[in-house]
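Survey of secondary and tertiary structure
Read off the chains here:
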Amino acid sequence: MIELRNVSVSFDDQRVLDGVTFSLKRGEFVYLVGQTGAGKSSLMRLLYMDLMPENGDVRIAGYESRSITNRQIPHLRRRIGVVFQDFRLLEDRSVYDNIAFALYVTNTSRSDIKKKVLHALADVGLSHKRNHMPHELSGGEQQRVVIARALINEPVVLLADEPTGNLDPTSSAEIMDILTKINMRGTAIVMATHNYELVKRYPARIVQLKDGKLIEVDKAPGRVARSSP
Amino acid sequence: MQIRYILKEGFSGFDRAKLSMFASVFTVTASLLLLSLFSILLINANSVVESLRQKVEMEAFLDDQITAGQLADTRARIEGLEGVREVRYVSKEEAAAIFKEEFGEDINTVLNFNPLPASFKIALKDGYRTSVKAAMIYNEVKAIKGVDDIIYRKQLLEMIDHRAMMFLWVAFGIGVFIMLSSIVLVANTIRLAIYAKRKIIQTMKLIGATRGFIRTPFLLEGFIQGLLGGLIAAGIIFAVFRLLEGWLSMQLSDFVRVQPWWYAVIVGTGSVLGLLGSMISIRRFIGESVAN
(Lines give C-alpha, C1' and ligand atoms only; values in the text may rest on other atoms or scores of the structure.)
Protein backbone atom coordinates (compact mmCIF):
# COMPACT_ATOMS: atom_id res chain seq x y z
CA MET A 1 0.00 0.00 0.00
CA ILE A 2 3.01 2.22 0.68
CA GLU A 3 6.19 1.42 -1.13
CA LEU A 4 9.39 3.44 -1.45
CA ARG A 5 11.98 2.02 -3.80
CA ASN A 6 15.52 3.35 -3.71
CA VAL A 7 14.31 6.89 -3.03
CA SER A 8 16.78 9.79 -2.80
CA VAL A 9 16.15 13.43 -1.89
CA SER A 10 18.61 16.33 -1.54
CA PHE A 11 18.31 19.91 -0.40
CA ASP A 12 21.00 22.35 -1.51
CA ASP A 13 23.34 19.53 -2.56
CA GLN A 14 22.91 17.90 0.83
CA ARG A 15 21.55 14.38 0.53
CA VAL A 16 18.78 13.92 3.08
CA LEU A 17 17.43 10.55 1.94
CA ASP A 18 19.83 8.22 0.20
CA GLY A 19 18.39 5.18 -1.52
CA VAL A 20 15.59 4.59 0.97
CA THR A 21 13.51 1.45 0.49
CA PHE A 22 10.47 0.86 2.66
CA SER A 23 7.10 -0.77 2.50
CA LEU A 24 3.98 -0.73 4.64
CA LYS A 25 1.04 -3.05 4.48
CA ARG A 26 -2.62 -2.32 5.01
CA GLY A 27 -3.43 -1.93 8.69
CA GLU A 28 0.19 -1.74 9.83
CA PHE A 29 1.53 0.65 12.51
CA VAL A 30 5.08 1.89 12.15
CA TYR A 31 7.16 4.38 14.09
CA LEU A 32 9.59 6.46 12.11
CA VAL A 33 12.36 7.55 14.45
CA GLY A 34 15.54 9.51 14.01
CA GLN A 35 17.21 12.70 15.16
CA THR A 36 15.98 16.15 14.22
CA GLY A 37 17.05 16.78 10.66
CA ALA A 38 17.39 13.08 9.89
CA GLY A 39 14.77 13.41 7.14
CA LYS A 40 11.61 12.21 8.88
CA SER A 41 9.54 15.14 7.66
CA SER A 42 10.99 14.82 4.15
CA LEU A 43 9.92 11.20 4.10
CA MET A 44 6.43 12.24 5.20
CA ARG A 45 6.32 14.93 2.49
CA LEU A 46 7.22 12.28 -0.06
CA LEU A 47 4.22 10.28 1.09
CA TYR A 48 1.70 13.10 0.69
CA MET A 49 3.57 14.15 -2.45
CA ASP A 50 4.53 17.64 -1.39
CA LEU A 51 8.03 16.57 -2.36
CA MET A 52 9.06 14.45 -5.33
CA PRO A 53 12.05 12.09 -5.20
CA GLU A 54 15.15 12.77 -7.27
CA ASN A 55 15.66 9.07 -7.75
CA GLY A 56 13.49 6.10 -7.10
CA ASP A 57 9.76 5.77 -6.86
CA VAL A 58 7.11 6.37 -4.23
CA ARG A 59 3.87 4.39 -4.41
CA ILE A 60 1.00 5.11 -2.11
CA ALA A 61 -2.71 4.28 -2.21
CA GLY A 62 -2.57 3.42 -5.89
CA TYR A 63 -0.64 6.52 -6.97
CA GLU A 64 2.96 6.65 -8.16
CA SER A 65 5.34 9.58 -7.87
CA ARG A 66 6.57 9.03 -11.42
CA SER A 67 3.18 9.29 -13.02
CA ILE A 68 1.01 11.37 -10.69
CA THR A 69 -0.19 14.69 -12.12
CA ASN A 70 -0.70 17.93 -10.21
CA ARG A 71 -4.43 17.48 -10.60
CA GLN A 72 -4.32 14.05 -8.98
CA ILE A 73 -2.42 15.13 -5.87
CA PRO A 74 -5.53 16.51 -4.07
CA HIS A 75 -7.26 13.20 -4.75
CA LEU A 76 -4.35 11.27 -3.26
CA ARG A 77 -4.45 13.50 -0.16
CA ARG A 78 -8.10 12.68 0.38
CA ARG A 79 -7.10 9.05 0.71
CA ILE A 80 -4.46 9.70 3.36
CA GLY A 81 -4.90 11.57 6.61
CA VAL A 82 -2.15 13.88 7.80
CA VAL A 83 -1.54 15.00 11.39
CA PHE A 84 1.16 17.51 12.33
CA GLN A 85 2.93 18.64 15.48
CA ASP A 86 1.58 22.16 14.96
CA PHE A 87 -1.98 20.92 14.37
CA ARG A 88 -2.74 22.87 11.18
CA LEU A 89 -6.33 23.72 11.92
CA LEU A 90 -8.14 26.32 9.84
CA GLU A 91 -7.92 29.09 12.43
CA ASP A 92 -10.70 31.16 10.95
CA ARG A 93 -13.53 28.66 11.47
CA SER A 94 -15.14 26.51 14.11
CA VAL A 95 -14.25 22.95 15.08
CA TYR A 96 -17.29 21.70 13.18
CA ASP A 97 -16.34 23.59 10.01
CA ASN A 98 -12.75 22.37 10.25
CA ILE A 99 -13.84 18.78 10.07
CA ALA A 100 -16.60 19.50 7.55
CA PHE A 101 -14.05 21.11 5.22
CA ALA A 102 -12.55 17.72 4.40
CA LEU A 103 -16.00 16.65 3.23
CA TYR A 104 -16.74 19.85 1.32
CA VAL A 105 -13.74 19.13 -0.89
CA THR A 106 -15.12 15.70 -1.76
CA ASN A 107 -18.51 17.16 -2.59
CA THR A 108 -20.36 15.25 0.11
CA SER A 109 -24.04 16.11 0.56
CA ARG A 110 -25.01 18.40 3.42
CA SER A 111 -26.94 15.81 5.32
CA ASP A 112 -24.05 13.34 5.08
CA ILE A 113 -21.60 16.02 6.19
CA LYS A 114 -23.63 16.70 9.32
CA LYS A 115 -23.96 13.03 10.17
CA LYS A 116 -20.29 12.24 9.59
CA VAL A 117 -18.91 15.29 11.40
CA LEU A 118 -21.04 14.72 14.49
CA HIS A 119 -19.97 11.10 14.48
CA ALA A 120 -16.30 12.02 14.17
CA LEU A 121 -16.61 14.59 16.96
CA ALA A 122 -18.16 11.99 19.22
CA ASP A 123 -15.32 9.63 18.37
CA VAL A 124 -12.70 12.03 19.70
CA GLY A 125 -14.90 13.21 22.57
CA LEU A 126 -15.38 16.78 21.42
CA SER A 127 -19.08 16.93 20.54
CA HIS A 128 -19.67 19.64 23.13
CA LYS A 129 -16.97 21.87 21.63
CA ARG A 130 -18.15 21.74 18.03
CA ASN A 131 -18.80 25.50 17.86
CA HIS A 132 -15.55 26.52 19.52
CA MET A 133 -12.81 28.22 17.53
CA PRO A 134 -9.45 26.37 17.40
CA HIS A 135 -7.69 28.92 19.61
CA GLU A 136 -10.23 28.26 22.36
CA LEU A 137 -9.10 24.64 22.64
CA SER A 138 -6.16 23.09 24.49
CA GLY A 139 -3.32 21.53 22.48
CA GLY A 140 -4.60 18.03 23.08
CA GLU A 141 -8.11 19.00 22.00
CA GLN A 142 -6.82 20.67 18.86
CA GLN A 143 -4.87 17.55 17.94
CA ARG A 144 -8.00 15.46 18.45
CA VAL A 145 -9.88 17.72 16.04
CA VAL A 146 -7.05 17.28 13.52
CA ILE A 147 -7.26 13.51 13.90
CA ALA A 148 -11.04 13.59 13.46
CA ARG A 149 -10.58 15.65 10.30
CA ALA A 150 -7.82 13.36 9.00
CA LEU A 151 -10.06 10.33 9.43
CA ILE A 152 -13.36 11.67 8.16
CA ASN A 153 -12.75 10.50 4.59
CA GLU A 154 -11.78 7.05 5.86
CA PRO A 155 -8.16 7.14 4.67
CA VAL A 156 -6.18 3.98 4.09
CA VAL A 157 -3.25 5.44 5.98
CA LEU A 158 -2.74 8.13 8.58
CA LEU A 159 0.56 10.04 8.49
CA ALA A 160 1.37 11.57 11.86
CA ASP A 161 4.42 13.85 11.98
CA GLU A 162 5.36 14.27 15.66
CA PRO A 163 1.69 14.35 16.67
CA THR A 164 2.55 14.57 20.38
CA GLY A 165 5.47 16.96 19.95
CA ASN A 166 3.64 19.92 21.45
CA LEU A 167 1.65 18.05 24.07
CA ASP A 168 2.02 17.22 27.75
CA PRO A 169 2.30 13.53 28.74
CA THR A 170 -1.41 13.17 29.59
CA SER A 171 -2.56 14.61 26.27
CA SER A 172 0.09 12.58 24.46
CA ALA A 173 -1.27 9.40 26.01
CA GLU A 174 -4.79 10.38 24.94
CA ILE A 175 -3.63 10.89 21.38
CA MET A 176 -1.78 7.56 21.40
CA ASP A 177 -4.89 5.80 22.67
CA ILE A 178 -6.90 7.30 19.81
CA LEU A 179 -4.24 6.35 17.24
CA THR A 180 -4.10 2.79 18.54
CA LYS A 181 -7.89 2.54 18.37
CA ILE A 182 -7.85 3.78 14.78
CA ASN A 183 -5.16 1.28 13.88
CA MET A 184 -7.19 -1.52 15.43
CA ARG A 185 -10.01 -0.61 13.03
CA GLY A 186 -7.68 -1.23 10.09
CA THR A 187 -6.15 2.14 9.20
CA ALA A 188 -2.40 1.95 8.67
CA ILE A 189 -0.38 4.52 10.60
CA VAL A 190 3.06 6.02 10.01
CA MET A 191 4.09 8.05 13.02
CA ALA A 192 7.28 10.08 13.06
CA THR A 193 8.46 10.72 16.59
CA HIS A 194 11.48 11.01 18.82
CA ASN A 195 9.56 10.34 21.97
CA TYR A 196 11.05 6.97 22.93
CA GLU A 197 8.89 6.77 26.03
CA LEU A 198 5.80 6.52 23.85
CA VAL A 199 7.44 4.02 21.54
CA LYS A 200 8.18 1.81 24.53
CA ARG A 201 4.69 2.14 25.98
CA TYR A 202 2.90 1.50 22.69
CA PRO A 203 5.12 -1.03 20.94
CA ALA A 204 4.99 -1.45 17.15
CA ARG A 205 7.32 -1.82 14.22
CA ILE A 206 10.12 0.77 14.28
CA VAL A 207 12.19 2.11 11.41
CA GLN A 208 15.00 4.59 11.93
CA LEU A 209 16.44 7.23 9.62
CA LYS A 210 20.17 7.70 10.05
CA ASP A 211 22.61 9.37 7.68
CA GLY A 212 20.03 9.28 4.92
CA LYS A 213 19.44 5.54 5.23
CA LEU A 214 16.40 3.77 6.59
CA ILE A 215 17.15 0.99 9.04
CA GLU A 216 14.65 -1.57 10.28
CA VAL A 217 15.05 -1.45 14.08
CA ASP A 218 12.33 -3.68 15.35
CA LYS A 219 10.37 -5.72 12.88
CA ALA A 220 7.55 -7.25 14.81
CA PRO A 221 7.08 -6.21 18.37
CA GLY A 222 4.00 -6.18 20.50
CA ARG A 223 0.39 -6.32 19.57
CA VAL A 224 0.58 -5.18 15.98
CA ALA A 225 2.98 -7.97 15.11
CA ARG A 226 0.27 -9.75 13.17
CA SER A 227 0.32 -7.09 10.45
CA SER A 228 4.08 -6.73 10.11
CA PRO A 229 5.69 -7.57 6.77
CA MET B 1 -18.11 22.18 -6.34
CA GLN B 2 -20.63 23.33 -3.83
CA ILE B 3 -22.16 26.69 -4.68
CA ARG B 4 -23.41 27.11 -1.11
CA TYR B 5 -19.92 26.62 0.26
CA ILE B 6 -18.36 29.06 -2.23
CA LEU B 7 -20.93 31.75 -1.53
CA LYS B 8 -20.58 31.30 2.21
CA GLU B 9 -16.79 31.45 2.02
CA GLY B 10 -16.79 34.37 -0.42
CA PHE B 11 -18.85 36.49 1.95
CA SER B 12 -17.12 35.23 5.09
CA GLY B 13 -14.61 38.08 5.06
CA PHE B 14 -17.29 40.42 6.41
CA ASP B 15 -17.41 38.28 9.49
CA ARG B 16 -13.95 36.74 9.85
CA ALA B 17 -11.62 39.45 8.57
CA LYS B 18 -13.37 42.78 8.93
CA LEU B 19 -10.22 44.88 8.97
CA SER B 20 -8.63 43.48 5.83
CA MET B 21 -12.02 43.52 4.09
CA PHE B 22 -12.35 47.19 5.00
CA ALA B 23 -8.79 47.92 3.85
CA SER B 24 -9.40 46.30 0.46
CA VAL B 25 -12.72 48.05 -0.12
CA PHE B 26 -11.26 51.36 0.99
CA THR B 27 -8.28 50.97 -1.36
CA VAL B 28 -10.53 50.23 -4.31
CA THR B 29 -12.73 53.23 -3.43
CA ALA B 30 -9.75 55.58 -3.12
CA SER B 31 -8.20 54.37 -6.39
CA LEU B 32 -11.47 54.71 -8.26
CA LEU B 33 -12.14 58.19 -6.87
CA LEU B 34 -8.70 59.28 -8.03
CA LEU B 35 -9.21 57.75 -11.47
CA SER B 36 -12.72 59.16 -11.86
CA LEU B 37 -11.87 62.66 -10.75
CA PHE B 38 -8.93 62.66 -13.12
CA SER B 39 -11.09 61.46 -16.00
CA ILE B 40 -13.73 64.09 -15.26
CA LEU B 41 -11.06 66.77 -15.18
CA LEU B 42 -9.75 65.52 -18.50
CA ILE B 43 -13.17 65.62 -20.10
CA ASN B 44 -13.73 69.04 -18.61
CA ALA B 45 -10.48 70.37 -20.09
CA ASN B 46 -11.30 68.74 -23.37
CA SER B 47 -14.67 70.47 -23.51
CA VAL B 48 -12.93 73.84 -22.98
CA VAL B 49 -10.67 73.08 -25.93
CA GLU B 50 -13.65 72.01 -27.99
CA SER B 51 -15.57 75.18 -27.21
CA LEU B 52 -12.53 77.20 -28.34
CA ARG B 53 -12.50 75.26 -31.58
CA GLN B 54 -16.20 75.91 -32.07
CA LYS B 55 -15.35 79.61 -32.36
CA VAL B 56 -13.09 79.07 -35.31
CA GLU B 57 -14.80 79.94 -38.60
CA MET B 58 -13.54 81.18 -41.95
CA GLU B 59 -14.55 84.28 -43.79
CA ALA B 60 -14.16 84.39 -47.56
CA PHE B 61 -14.30 87.92 -48.97
CA LEU B 62 -15.78 88.29 -52.41
CA ASP B 63 -14.83 90.33 -55.44
CA ASP B 64 -16.73 93.61 -55.52
CA GLN B 65 -17.63 93.02 -59.15
CA ILE B 66 -19.24 89.67 -58.53
CA THR B 67 -22.61 89.12 -60.21
CA ALA B 68 -25.61 87.51 -58.63
CA GLY B 69 -25.13 84.42 -60.80
CA GLN B 70 -21.45 84.09 -59.88
CA LEU B 71 -22.37 84.58 -56.25
CA ALA B 72 -24.73 81.60 -56.30
CA ASP B 73 -22.12 79.54 -58.14
CA THR B 74 -19.35 80.45 -55.66
CA ARG B 75 -21.61 79.64 -52.75
CA ALA B 76 -22.53 76.29 -54.21
CA ARG B 77 -18.87 75.42 -54.77
CA ILE B 78 -17.92 76.34 -51.21
CA GLU B 79 -20.85 74.41 -49.84
CA GLY B 80 -19.72 71.44 -51.88
CA LEU B 81 -16.32 71.26 -50.19
CA GLU B 82 -15.59 68.47 -47.74
CA GLY B 83 -15.65 69.65 -44.15
CA VAL B 84 -17.90 72.66 -44.71
CA ARG B 85 -20.93 72.60 -42.45
CA GLU B 86 -22.64 75.88 -43.22
CA VAL B 87 -22.15 78.92 -45.42
CA ARG B 88 -23.73 82.22 -44.50
CA TYR B 89 -23.77 85.24 -46.79
CA VAL B 90 -22.82 88.67 -45.36
CA SER B 91 -23.69 91.46 -47.77
CA LYS B 92 -21.79 94.74 -48.04
CA GLU B 93 -24.62 96.41 -46.08
CA GLU B 94 -24.45 93.85 -43.30
CA ALA B 95 -20.65 94.25 -43.16
CA ALA B 96 -21.14 98.00 -42.73
CA ALA B 97 -23.66 97.37 -39.98
CA ILE B 98 -21.20 95.07 -38.18
CA PHE B 99 -18.51 97.71 -38.60
CA LYS B 100 -20.81 100.29 -37.01
CA GLU B 101 -21.54 97.98 -34.15
CA GLU B 102 -17.85 97.38 -33.56
CA PHE B 103 -16.50 100.92 -34.03
CA GLY B 104 -19.54 103.09 -33.35
CA GLU B 105 -19.19 104.97 -36.62
CA ASP B 106 -20.87 104.62 -39.95
CA ILE B 107 -18.21 103.83 -42.55
CA ASN B 108 -20.33 105.46 -45.27
CA THR B 109 -20.16 108.83 -43.53
CA VAL B 110 -16.43 108.52 -42.76
CA LEU B 111 -15.31 107.52 -46.27
CA ASN B 112 -18.37 108.47 -48.29
CA PHE B 113 -18.38 104.97 -49.71
CA ASN B 114 -18.47 101.42 -48.41
CA PRO B 115 -15.14 99.63 -49.00
CA LEU B 116 -16.17 96.57 -47.08
CA PRO B 117 -16.56 93.56 -49.34
CA ALA B 118 -19.40 91.09 -49.15
CA SER B 119 -18.36 87.72 -47.71
CA PHE B 120 -19.28 84.16 -46.89
CA LYS B 121 -18.90 83.06 -43.30
CA ILE B 122 -17.92 79.40 -43.44
CA ALA B 123 -18.56 77.14 -40.45
CA LEU B 124 -16.59 73.88 -40.42
CA LYS B 125 -17.75 70.46 -39.45
CA ASP B 126 -16.54 68.73 -36.24
CA GLY B 127 -13.17 67.21 -36.82
CA TYR B 128 -12.23 69.78 -39.48
CA ARG B 129 -11.36 72.51 -37.00
CA THR B 130 -7.72 71.54 -36.83
CA SER B 131 -4.91 73.62 -38.27
CA VAL B 132 -4.03 71.03 -40.93
CA LYS B 133 -7.56 70.50 -42.21
CA ALA B 134 -8.43 74.19 -41.99
CA ALA B 135 -5.38 74.99 -44.10
CA MET B 136 -6.58 72.52 -46.75
CA ILE B 137 -10.03 74.07 -46.86
CA TYR B 138 -8.41 77.52 -46.93
CA ASN B 139 -6.50 76.60 -50.09
CA GLU B 140 -9.53 75.09 -51.75
CA VAL B 141 -11.74 78.10 -51.02
CA LYS B 142 -9.05 80.50 -52.12
CA ALA B 143 -8.89 78.81 -55.52
CA ILE B 144 -12.58 79.30 -56.14
CA LYS B 145 -13.41 82.03 -58.63
CA GLY B 146 -15.02 85.10 -57.08
CA VAL B 147 -13.17 84.70 -53.77
CA ASP B 148 -10.80 87.59 -53.25
CA ASP B 149 -9.36 86.77 -49.87
CA ILE B 150 -9.99 84.44 -46.98
CA ILE B 151 -9.19 84.79 -43.30
CA TYR B 152 -9.42 82.56 -40.26
CA ARG B 153 -7.73 82.38 -36.88
CA LYS B 154 -4.83 80.27 -38.04
CA GLN B 155 -2.59 80.96 -35.05
CA LEU B 156 -5.33 80.14 -32.57
CA LEU B 157 -5.94 76.81 -34.27
CA GLU B 158 -2.24 75.99 -34.38
CA MET B 159 -1.89 76.92 -30.75
CA ILE B 160 -4.86 74.75 -29.77
CA ASP B 161 -3.56 71.81 -31.80
CA HIS B 162 -0.10 72.04 -30.31
CA ARG B 163 -1.28 72.49 -26.73
CA ALA B 164 -3.99 69.89 -27.10
CA MET B 165 -1.50 67.28 -28.24
CA MET B 166 0.83 68.11 -25.40
CA PHE B 167 -2.06 68.12 -22.97
CA LEU B 168 -3.27 64.77 -24.26
CA TRP B 169 0.15 63.16 -23.88
CA VAL B 170 0.62 64.48 -20.36
CA ALA B 171 -2.90 63.41 -19.44
CA PHE B 172 -2.32 59.99 -20.97
CA GLY B 173 0.88 59.62 -18.93
CA ILE B 174 -0.84 60.64 -15.70
CA GLY B 175 -3.79 58.37 -16.49
CA VAL B 176 -1.53 55.36 -17.06
CA PHE B 177 0.34 56.18 -13.85
CA ILE B 178 -2.84 56.40 -11.80
CA MET B 179 -4.19 53.21 -13.36
CA LEU B 180 -0.99 51.25 -12.66
CA SER B 181 -0.72 52.53 -9.10
CA SER B 182 -4.34 51.59 -8.53
CA ILE B 183 -3.76 48.02 -9.68
CA VAL B 184 -0.57 47.71 -7.63
CA LEU B 185 -2.22 49.24 -4.59
CA VAL B 186 -5.30 47.05 -4.77
CA ALA B 187 -3.30 43.90 -5.56
CA ASN B 188 -0.95 44.63 -2.69
CA THR B 189 -3.73 45.21 -0.18
CA ILE B 190 -5.46 42.01 -1.23
CA ARG B 191 -2.12 40.20 -1.22
CA LEU B 192 -1.55 41.18 2.39
CA ALA B 193 -5.02 39.94 3.25
CA ILE B 194 -4.37 36.63 1.49
CA TYR B 195 -0.84 36.43 2.93
CA ALA B 196 -2.43 36.34 6.36
CA LYS B 197 -4.32 33.29 5.17
CA ARG B 198 -1.47 31.38 3.58
CA LYS B 199 -1.31 28.85 6.42
CA ILE B 200 -4.99 28.23 5.85
CA ILE B 201 -4.40 27.80 2.11
CA GLN B 202 -1.62 25.28 2.78
CA THR B 203 -3.79 23.37 5.21
CA MET B 204 -6.61 23.25 2.68
CA LYS B 205 -4.20 21.76 0.13
CA LEU B 206 -3.07 19.22 2.69
CA ILE B 207 -6.64 18.11 3.28
CA GLY B 208 -7.02 17.49 -0.45
CA ALA B 209 -8.72 20.64 -1.71
CA THR B 210 -8.06 21.30 -5.39
CA ARG B 211 -6.62 24.64 -6.45
CA GLY B 212 -9.92 25.65 -7.98
CA PHE B 213 -11.76 24.82 -4.78
CA ILE B 214 -9.40 27.01 -2.76
CA ARG B 215 -9.21 29.78 -5.32
CA THR B 216 -12.86 30.36 -6.17
CA PRO B 217 -13.99 31.80 -2.80
CA PHE B 218 -10.98 34.14 -2.81
CA LEU B 219 -11.84 35.36 -6.29
CA LEU B 220 -15.45 35.87 -5.26
CA GLU B 221 -14.29 37.79 -2.22
CA GLY B 222 -12.02 40.00 -4.35
CA PHE B 223 -14.88 40.62 -6.75
CA ILE B 224 -17.24 41.57 -3.91
CA GLN B 225 -14.63 43.91 -2.44
CA GLY B 226 -14.10 45.58 -5.82
CA LEU B 227 -17.83 45.82 -6.44
CA LEU B 228 -18.38 47.43 -3.05
CA GLY B 229 -15.47 49.83 -3.57
CA GLY B 230 -16.91 50.73 -6.98
CA LEU B 231 -20.39 51.32 -5.58
CA ILE B 232 -19.04 53.55 -2.81
CA ALA B 233 -16.86 55.53 -5.25
CA ALA B 234 -19.80 55.98 -7.65
CA GLY B 235 -21.98 57.08 -4.74
CA ILE B 236 -19.42 59.63 -3.57
CA ILE B 237 -18.99 61.08 -7.07
CA PHE B 238 -22.74 61.26 -7.56
CA ALA B 239 -23.16 63.05 -4.21
CA VAL B 240 -20.26 65.44 -4.81
CA PHE B 241 -21.56 66.53 -8.21
CA ARG B 242 -25.08 66.90 -6.86
CA LEU B 243 -23.77 69.15 -4.08
CA LEU B 244 -21.54 71.16 -6.42
CA GLU B 245 -24.44 71.75 -8.76
CA GLY B 246 -26.51 73.07 -5.88
CA TRP B 247 -23.77 75.32 -4.53
CA LEU B 248 -22.60 76.74 -7.80
CA SER B 249 -26.21 77.17 -8.89
CA MET B 250 -25.38 76.43 -12.47
CA GLN B 251 -25.81 73.51 -14.76
CA LEU B 252 -22.58 71.79 -13.96
CA SER B 253 -23.60 68.81 -16.01
CA ASP B 254 -23.41 70.97 -19.14
CA PHE B 255 -19.81 71.71 -18.44
CA VAL B 256 -18.63 68.54 -16.76
CA ARG B 257 -20.57 65.70 -18.21
CA VAL B 258 -21.01 62.82 -15.80
CA GLN B 259 -23.15 60.54 -17.88
CA PRO B 260 -25.20 57.84 -16.15
CA TRP B 261 -23.17 55.11 -17.84
CA TRP B 262 -20.11 56.53 -16.14
CA TYR B 263 -21.33 55.15 -12.86
CA ALA B 264 -21.61 51.74 -14.43
CA VAL B 265 -18.02 52.07 -15.69
CA ILE B 266 -16.81 53.00 -12.19
CA VAL B 267 -18.57 50.02 -10.59
CA GLY B 268 -17.37 47.72 -13.37
CA THR B 269 -13.78 48.93 -13.07
CA GLY B 270 -13.92 48.37 -9.32
CA SER B 271 -15.13 44.79 -9.76
CA VAL B 272 -12.41 44.05 -12.32
CA LEU B 273 -9.76 45.63 -10.05
CA GLY B 274 -10.85 43.46 -7.14
CA LEU B 275 -10.97 40.32 -9.23
CA LEU B 276 -7.57 41.01 -10.83
CA GLY B 277 -6.04 41.85 -7.45
CA SER B 278 -7.17 38.58 -5.89
CA MET B 279 -6.22 36.56 -8.99
CA ILE B 280 -2.66 37.91 -8.93
CA SER B 281 -2.36 37.41 -5.17
CA ILE B 282 -3.80 33.92 -4.87
CA ARG B 283 -1.58 32.67 -7.70
CA ARG B 284 1.44 33.42 -5.57
CA PHE B 285 0.43 31.51 -2.50
CA ILE B 286 -1.43 28.59 -3.96
CA GLY B 287 1.72 27.13 -5.50
CA GLU B 288 3.67 27.07 -2.23
CA SER B 289 4.68 23.86 -0.51
CA VAL B 290 2.24 22.75 2.15
CA ALA B 291 5.02 21.94 4.61
CA ASN B 292 6.26 25.51 5.15
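Conventions used here
- Residues numbered from 1 in each chain as written.
- Chains lettered and ligands numbered in written order.
- Predicted model: local features only at pLDDT ≥ 70, side-chain atom pairs only at ≥ 80, totals over all residues.
- Heavy atoms only, no water.
- Pairing = 2+ DSSP bridges.
- Helix = DSSP H or I, 4+ residues; strand = E, 2+ residues; numbered from the N terminus.
- Axes fitted to C-alpha atoms, helices over the stretch in contact; angles between N-to-C directions.
- Contact = heavy atoms within 4.5 Å.
- Core = buried A, V, L, I, M, F, W, Y, C linked by side-chain atoms within 4.5 Å.
- Buried < 20%, exposed > 50% of the residue type's maximum accessible area, 1.4 Å probe, protein only.
- Domains from an automatic or database assignment.
- Buried area = accessible area lost by both parts, 1.4 Å probe.
- Salt bridge = Lys/Arg side-chain N within 4 Å of Asp/Glu carboxyl O.
- Polar contact = N/O pair within 3.5 Å; in protein donor to acceptor, adjacent residues only side chain to side chain.
- Nonpolar A, V, L, I, M, F, W, Y, C, P; charged D, E, K, R; others polar.

Let us look at the sheet that holds strand E4 (residues 147–151) of chain B. All names here are of chain B. The strand order across the open sheet formed by four strands is E2-E3-E1-E4, and the pairing between neighbours is antiparallel. Both edges of this open sheet fall to strand E2 (84–90) and E4, since each of them pairs with a single strand only. Between one strand and the next, the sheet's axes are offset by a mean angle of 25 degrees, whatever the strand orientation. Here E2 pairs with strand E3 (residues 119–124) via six bridges, running antiparallel. Opposite Arg88, over in E3, you have Lys121 as the bridge partner. Helix H7 (residues 131–142) rests against strand E1 (57–62), E2, E3 and E4 of the sheet, and its axis sits at about 165 degrees to E4.

Tracing the chain through its elements places Ile66 of chain B in the loop between E1 and helix H4 (68–79). With near-sequence residues (within four places) excluded, Ile66 of chain B lies in contact with Leu71, Thr74 and Gly146 of chain B.

Grouped together as the largest cluster of nonpolar side chains are 74 residues, with contacts concentrated most on Tyr31, Ile99, Phe101, Val117, Leu179 and Met191 of chain A. Formed by 40 residues, the second largest nonpolar core is a distinct cluster that contains Ile2, Val30, Met49 and Leu76 of chain A.

So, about the domain arrangement of chain A. Residues and elements named next belong to chain A. Domains assigned within chain A are domain 1 (1–79 + 157–163 + 187–229) and domain 2 (83–154). Centre-to-centre separation of domain 1 and domain 2, based on C-alpha positions: 25 Å. Each partner contributes residues to the interface: domain 1 has eight residues there, and domain 2 has nine residues. Carbon and sulfur atoms supply 58% of the area buried between domain 1 and domain 2, which totals about 790 Å² over both sides. Across the domain 1-domain 2 interface, the total number found is zero salt bridges. Applying the counting criterion to the domain 1 and domain 2 interface returns five residue pairs in polar contact (both at pLDDT 80 or more). Looking at the side of domain 1 that touches domain 2 element by element, the count peaks at four residues for strand E7 (residues 157–161). Its residues assigned to classes, the side of domain 1 that touches domain 2 shows five nonpolar, no polar and three charged.

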